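Structural characterization, general
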Amino acid sequence: MFAERTDWPPRPDRAPPMDTAGLLDLDLRHVWHPFTQADEWATEPKLCIASAEGVELIDTDGKRYLDAVSSLWCNVHGHRNPRIDAAIRRQLDTVAHTTMLGLTHAPAIELAARLCALTGLDRVFYSDSGSSAVEVALKMAFQAQQQRPGGSARTRFAALAEAYHGDTLGSVSVGGIDLFHGVYRPLLFDCVRIPCPDRPDPEAETRCLAQARTLFAEHGPTLAGFVFEPLVQGAAGMRMHSASFLAGLCAMAREAGALLIADEVATGFGRTGTMFALEQAGVTVDLLCVAKGITGGYLPLAATLATEAVYDCFRGPYTAWKTLFHGHTYTGNPLACAAALASLDIFRDDDVIAGLRPKIEALRNGILLIDHRTVIERRQRGLMAAVRIGPFATDARVPHRVALACREDGVIVRCLGDAIVMMPPLSMTPEQIRRCTGAINAALSRVVG
Ligand SMILES: *Cc1c(COP(=O)(O)O)cnc(C)c1O
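Every value quoted in this text rests on a predicted model; they were computed, and no experiment measured them.

Let us look at the domain arrangement of the protein. Under the domain assignment used here, the protein contains domain 1 (32-80 + 353-448) and domain 2 (84-349). Relative placement of domain 1 and domain 2: their C-alpha centres are 27 Å apart. Residue-level contacts link 31 residues of domain 1 with 36 residues of domain 2. With both sides pooled, the region where domain 1 packs onto domain 2 buries about 2500 Å², and carbon together with sulfur makes up 63% of that total. Here Asp198 ties to Arg379 by a salt bridge, and the two come within 3.2 Å at their closest N and O atoms.

Turning next to the sheet that holds strand E12 (residues 302-306). An order of E4-E12-E11-E10-E7-E5-E6 is seen for the seven strands of this open sheet, with the pairing classed as mixed. Two strands bound the open sheet, and with one partner strand each, they are strand E4 (123-127) and strand E6 (192-194). Across the sheet, the mean angle from the axis of one strand to that of its neighbour is 20°, orientation sign disregarded. Judged from the four bridges that link them, strand E5 (residues 156-160) and strand E7 (residues 223-228) form a sheet pairing that is parallel. Note that in E7 the partner of Ala159 across the bridge is Val227. Helix H5 (residues 106-119) contacts E4, strand E11 (287-290) and E12 of the sheet and is inclined by roughly 125° relative to E4.

This paragraph deals with the packing of aromatic side chains. One pass over the structure, following the stated rule, counts seven aromatic pairs. Ring centres of Phe35 and Phe180 lie 4.9 Å apart, and the angle between their planes is 70°; this geometry places the pair in the edge-to-face category. With a gap of 145 residues between them, Phe35 in the loop between helix H1 (20-30) and helix H2 (38-43) and Phe180 in helix H8 (residues 178-181) connect regions that are remote in the sequence. Consider the rings of Phe269 and Phe276, whose centres lie 5.3 Å apart with planes at 65°: the pair is edge-to-face.

On to the site of the ligand, then. For the ligand, the full set of nearby residues is Trp73, Ser129, Gly130, Ser131, Tyr164, His165, Gly166, Glu229, Asp263, Val265, Ala266 and Lys292. Residue Asp263 places a side-chain N or O atom 2.7 Å away from a nitrogen atom belonging to the ligand. Interatomic distance of 2.6 Å between a side-chain N/O atom of Lys292 and an oxygen atom of the ligand. When the ligand is considered free in solution it has 380 Å² of accessible area, and contact with the protein chains removes 83% of it. Taken together, the residues that form the shell around the ligand break down as four nonpolar, five polar and three charged.

All right, on to unusual backbone geometry then. Along the chain, Gly390 connects to Pro391 via a cis peptide bond; the corresponding omega equals 0°. With respect to the helices, strands and loops of the structure, Pro391 is situated in the loop between strand E14 (384-389) and helix H15 (398-405). Residues other than glycine seldom take positive phi values, yet Leu72 does so here, at roughly 65°. Taking the relative accessible area as the measure of exposure, Leu72 reaches 43% and is therefore partly exposed.

Now for the pattern of salt bridges. All told, the structure shown has 24 salt bridges when counted by the stated rule. Residue Arg114 pairs with Glu110 through a salt bridge whose shortest N-O separation is 3.7 Å. Separated by four residues within a single helix, Arg114 and Glu110 lie in helix H5, roughly one turn from each other. Residue classification places Arg114 among the buried residues on the basis of a relative accessible area of 18%. Classification of Glu110 as partly exposed rests on a relative accessible area of 41%. Taken together, the shared-partner salt bridges in this structure form one network comprising Asp198, Arg199, Glu377, Arg379, Arg388 and Asp418.

This next bit is on the pairing of E11. The side chains of a regular strand alternate, first on one face of the sheet and then on the other. Both faces of E11 are covered, namely the face carrying Leu287 and Cys289 and the face carrying Leu288 and Val290. Bridge count for strand E10 (residues 259-263) against E11 is three bridges, and the pairing is parallel. Paired with Ala262 across the strands is Leu288, a residue of E11. Pairing geometry for E11 and E12, over four bridges, is antiparallel. Note on E12: the bridge partner recorded for Leu287 is Ala306.

Now for the layout of surface pockets. By volume, the second largest pocket is sized at about 750 Å³. Secondary-structure elements contributing two or more residues to the lining of the second largest pocket are H5, E4, E12 and helix H12 (308-312). Tallying contributions element by element places H5 first for the lining of the second largest pocket, with five residues. Its residues assigned to classes, the lining of the second largest pocket comprises 16 nonpolar, seven polar and three charged.

Take a nonpolar patch on the surface next. A surface patch of nonpolar side chains, about 410 Å² in accessible area, is lined by Leu169, Val183, Tyr184 and Leu187. Considering the arrangement of structural elements, one finds Tyr184 in the loop between H8 and E6.

The subject of this paragraph is the packing of helix H4 (residues 82-92) against helix H13 (residues 334-349). Packing of H4 against H13 brings their axes to within 8 Å, and their N-to-C directions diverge by 145°. Considering how the two elements wind past one another, H4 and H13 form a crossing that is right-handed. Listed contacts from H13 to Arg83, Ile84, Ala87, Ile88, Gln91 and Leu92 of H4 are Pro334, Leu335, Ala338, Ala339, Ala342, Ser343, Ile346 and Asp349. For the contact of H4 with H13, a count of residues per class yields ten nonpolar, two polar and two charged.

Conventions and cut-offs
- Residues numbered from 1 in each chain as written.
- Predicted model: local features only at pLDDT ≥ 70, side-chain atom pairs only at ≥ 80, totals over all residues.
- Heavy atoms only, no water.
- Domains from an automatic or database assignment.
- Contact = heavy atoms within 4.5 Å.
- Buried area = accessible area lost by both parts, 1.4 Å probe.
- Salt bridge = Lys/Arg side-chain N within 4 Å of Asp/Glu carboxyl O.
- Pairing = 2+ DSSP bridges.
- Helix = DSSP H or I, 4+ residues; strand = E, 2+ residues; numbered from the N terminus.
- Axes fitted to C-alpha atoms, helices over the stretch in contact; angles between N-to-C directions.
- Phe/Tyr/Trp six-rings, centres within 6.5 Å; stacked < 30°, edge-to-face > 60°.
- Near = heavy atom within 4 Å.
- Polar contact = N/O pair within 3.5 Å; in protein donor to acceptor, adjacent residues only side chain to side chain.
- Areas by Shrake-Rupley, 256 points an atom, 1.4 Å probe, with all protein chains shown as cover.
- Nonpolar A, V, L, I, M, F, W, Y, C, P; charged D, E, K, R; others polar.
- Buried < 20%, exposed > 50% of the residue type's maximum accessible area, 1.4 Å probe, protein only.
- 1 Å grid on protein atoms, 1.4 Å probe; cavity = no way out; pocket = protein on both sides within 12 Å on 5 of 7 lines; lining within 4 Å.
- Points joined across faces, edges and corners; volume = space filled by probe spheres on them.
- Patch = residues over 30% accessible without salt bridge, like charges linked within 9 Å, V, L, I, M, F, W, Y side chains within 5 Å.
- Left-handed = near helix turned anticlockwise from the far one by under 90°.

Below you can see the structure in the form of structure tokens.
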């Protein structure tokens, strides 16, 4: 089945054709798309994006689409934002990349200081994806416990049911979505799974808190950390819980001696209506993971933030062997840091968070107007929203087809399970948000009837 190939070197390297059909043909032959069933990709209509402007993506035929999922939850201030573009160009005139292993540079230093000021944490460790940021946090929590007096029995993690923390194996181990993670179980470490409701329902939350209390009592002394997505479990289909539920869980974990690890990869940088979701829960953490929106959605950059107390667990003479032996080649890339600094400037100078209210309101009203008879539930926190539809046979792929049908009206959305997900850039106008929700409603009628 995996036989050695005999046709090497097989083909001359030619310039690819630049027309849409030629590009898509090459894509079909050579590209492996993430989270995508190849057989579906081969047969369904494909979009090839050529450029973008503000919150619109423009395909190779010139058609425009509202980017209602922020290019997978990362775009913040729109595409080709003049200030971020200029910051990257300025940085390009000094240096594109230099390492953080044994050297340092101004953009990474300034960004670290500003992230600490925004979050109340003390130390910033850079990486390049949300998965890595979580992976690093897990290793930091584990090693910090091992290297502090009395912590050596703390070798496990607690995580929420239906959690998503990324796709590398440590992050998958604390993840709890069977569809994504099930096949890898033999490779993963086990963790204590804390039940979590899918919506802020007081009765369900009380029940989950009671079960959590038992679990923390039983496993507390073995826990290195407790990792969670605050307020919104995005990839699980925008499952949501209340701020008081989260505060309750965090108090239990803290009491049990576990380090608190917040994964704000999706919720960070304004998505829930505040700069970070933790602000709404009134919870302080030991480790914080950020990624997606950090550069305004421009370049791959992530950060794991830590308290000074965690950092202190790693100090000592070299031969005490307390160093965190972890680091990626593109850690703290200067171009990405420059983009992140420009994005933070925009947040500050334009008072972006204060301006979110009418957009959040438009999203609330918009999803209420999605009133097709198959709508089961609507969920929203800030600018993160989902409309669940059903029941449909899984192989009918109705939510997926509805998402594809939205493109006919010039709107890009995606589904997660039975949920059609919307997560517009913070710069999308209320009017554009209404166009997106209107397109979903119209697509539902066309696809389902
Ligand atoms: C997307 C996401 C990740 C993974 O980030 P990548 O940059 O895709 O590796 C981790 N945690 C949460 C909550 C996410 O939404």
